[in-house]
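Fold and contact review
The chain contents come next:
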Amino acid sequence: MTVTDSLTVTVRVADAAAARADVTLVTLGLGSCVAVLLHNPVVGAGALAHILLPDESLSRDTSNPAKFATTAIPLILDRMASYGPLRDVTAKLVGGARMFAQLLPQGGVNMGERNLVAARQTLRGAGIPIAAEDTGGEYGRSVYFHVGTGRVTVRSIKAGERTL
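This text gives an overview of the structure that appears in the document. Numbering of residues starts from 1 in every chain and runs along the sequence as written. Owing to the predicted nature of the model, reporting of local features is limited to residues with pLDDT of at least 70; listing and counting of side-chain atom pairs is limited to 80 or more, with chain, interface and lining totals taken over all residues. Note that water and hydrogens are dropped before the side-chain values are worked out from all heavy atoms of the structure.

**Some points on the nonpolar core**
Here is the rule we go by: By convention a nonpolar core is built from buried Ala, Val, Leu, Ile, Met, Phe, Trp, Tyr and Cys residues, the set being connected through side-chain atoms within 4.5 Å. Partly exposed residues are those whose accessible area sits between 20% and 50% of the maximum for their type, while under 20% is buried and over 50% is exposed, using a 1.4 Å probe and protein chains only. Under the DSSP-based scheme used, a helix requires at least four consecutive residues in state H or I and a strand at least two consecutive residues in state E, with every element numbered from the N terminus. Between two residues, a contact is recorded if the distance between any of their heavy atoms is within 4.5 Å.
Formed by 23 residues in total, the largest nonpolar core has its most connected members in Val36, Leu38, Ile51, Ile73, Ile76, Leu123 and Ile128. Among the secondary structure elements, those contributing two or more residues to this core are β4 (34–40), β5 (45–51), α1 (69–81), β6 (90–95) and α2 (111–126). Here this core gets 6 residues from one element, more than from any other, and that element is α1. The residues contacting Ile128, other than those within four sequence positions of it, are Leu38, Leu77, Leu86, Val89, Thr90, Ala91 and Leu123. In this structure, Ala19, Ala35, Leu37 and Ala132 belong to the second largest nonpolar core, which totals 18 residues.

In structure tokens, the structure reads:
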């Protein structure tokens with residue numbers, strides 16, 4: 001048995017999680033999806049939502065609020081509020097790629113960009129500043145969010161590793 005001083009929580013597509021201290025929130029395989037990461041350095045808390053779509057108008061099933069930018073961000077803000085005041089919270093965005101761009105017709109829907117626009121607008125409406133982004137492009141990413149420090153490691157086969 002391996003003992004570690006850290007816990008890793010995997011956040012799947014259309015899911016969200018919030019945590020404190022020594023937890024690492026991980027989401028894998030972001031393409032056009034967007035990871036919204038919230039961090040409050042004062043209380044050492046963070047949250048991650050793996051957003052699939054910009055809003056409920058693009059889905060028949062709207063029962064999962066973590067699925068959409070317009071509902072997932074209020075959801076994780078509510079979870080963050082249980083750890084302390086939201087005045088110290090900042091956001092980071094990862095993902096929103098234009099996957100398989102060569103297969104889309106000219107002028108086709110760029111769902112990654114639509115997800116990013118919806119996330120930025122929702123964060124702006126909530127008064128949450130965006131501290132960093134690793135977004136766009138035509139490649140997938142995986143995210144490792146070290147909640148206690150706020151450090152976000154973004155890994156991609158095409159673009160390597162980057163720290164936000």
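Now, onward.
**Concerning the environment of Val9**
Note on placement: Val9 falls in strand β1 (residues 7–10). A C-alpha to C-alpha distance of 20 Å links Val9 and Phe68, two positions 59 residues apart in sequence. Those residues in contact with Val9, other than ones at most four positions away along the chain, are Ala17, Val23, Thr24, Leu25 and Val26.

**Section: the sheet that holds strand β2 (residues 15–20)**
For clarity, the threshold we go by: Two strands are counted as paired when DSSP detects at least two bridges linking them. Axis lines are fitted through C-alpha atoms, for helices just across the contact stretch, and the angle between N-to-C directions can take any value from 0 to 180 degrees.
Pairing within the open sheet is mixed, and its 5 strands lie in the order β2-β5-β4-β6-β7. Only two strands of the sheet have a single partner each, and these edge strands are β2 and β7 (130–135). Put simply, the sheet's adjacent strands are angled 10 degrees from each other on average, direction ignored. Relative to β6, β4 is paired through 6 bridges, and the arrangement is antiparallel.

**Overview of the sheet that holds strand β10 (residues 160–163)**
The strands making up a sheet are joined through hydrogen bonds of the backbone, oriented either antiparallel or parallel. Spatially, 5 strands are ordered β1-β3-β8-β9-β10 in an open sheet, and the strand pairing comes out mixed. The open sheet has two free edges, formed respectively by β1 and β10, since each of these has just one partner strand. Strand-to-strand twist of the sheet, defined as the mean angle between neighbouring strand axes without regard to direction, takes the value 20 degrees.

**Some remarks on unusual backbone geometry**
At Ala14, a residue that is not glycine, the phi angle is positive and equals roughly 60 degrees. Tracing the sequence through the fold places Ala14 in the loop between β1 and β2.

**With respect to the packing of aromatic side chains**
We count it as follows: Here the aromatic set is Phe, Tyr and Trp, taking the six-membered ring for Trp, and pairing holds for ring centres within 6.5 Å; pairs whose planes are under 30 degrees apart are stacked, those over 60 apart are edge-to-face, and all others are tilted. Here, a charge over a ring means that NZ of Lys or CZ of Arg falls within 6 Å of the ring centre while also lying within 35 degrees of the ring normal.
Scanning the entire structure with this criterion turns up 0 aromatic pairs. Across the ring face of Tyr144, the terminal group of Arg155 is positioned such that the distance to the ring centre comes to 4.3 Å.

**Examining α2**
Rules: How far a helix is expected to stretch is found by multiplying one less than its residue total by 1.5 Å. Taken from the helix axis, the directions to the C-beta atoms give the arc we talk about. For this analysis, a polar contact is any N or O atom pair within 3.5 Å, provided that within protein one partner can donate a hydrogen and the other can accept it, and provided that sequence-adjacent residues contribute only side-chain to side-chain pairs.
Under the 1.5 Å per step criterion, the end-to-end length of α2 is 23 Å for 16 residues, consistent within 8% with the ideal 22 Å. Here α2 has its buried residues at Gly112, Asn115, Leu116, Ala118, Ala119, Thr122 and Leu123. Seen along its axis, α2 keeps its buried residues to an arc of 165 degrees; they face one direction. Exposed side of α2, more than 90 degrees from the buried face: Arg124 and Gly125 are the residues found there. The backbone nitrogen of Gly112 has a side-chain oxygen 3.2 Å away, supplied by the residue at the start of α2, namely Asn110. Taken from the residues just after α2, Gly127 is the one with a positive phi, measuring 75 degrees.

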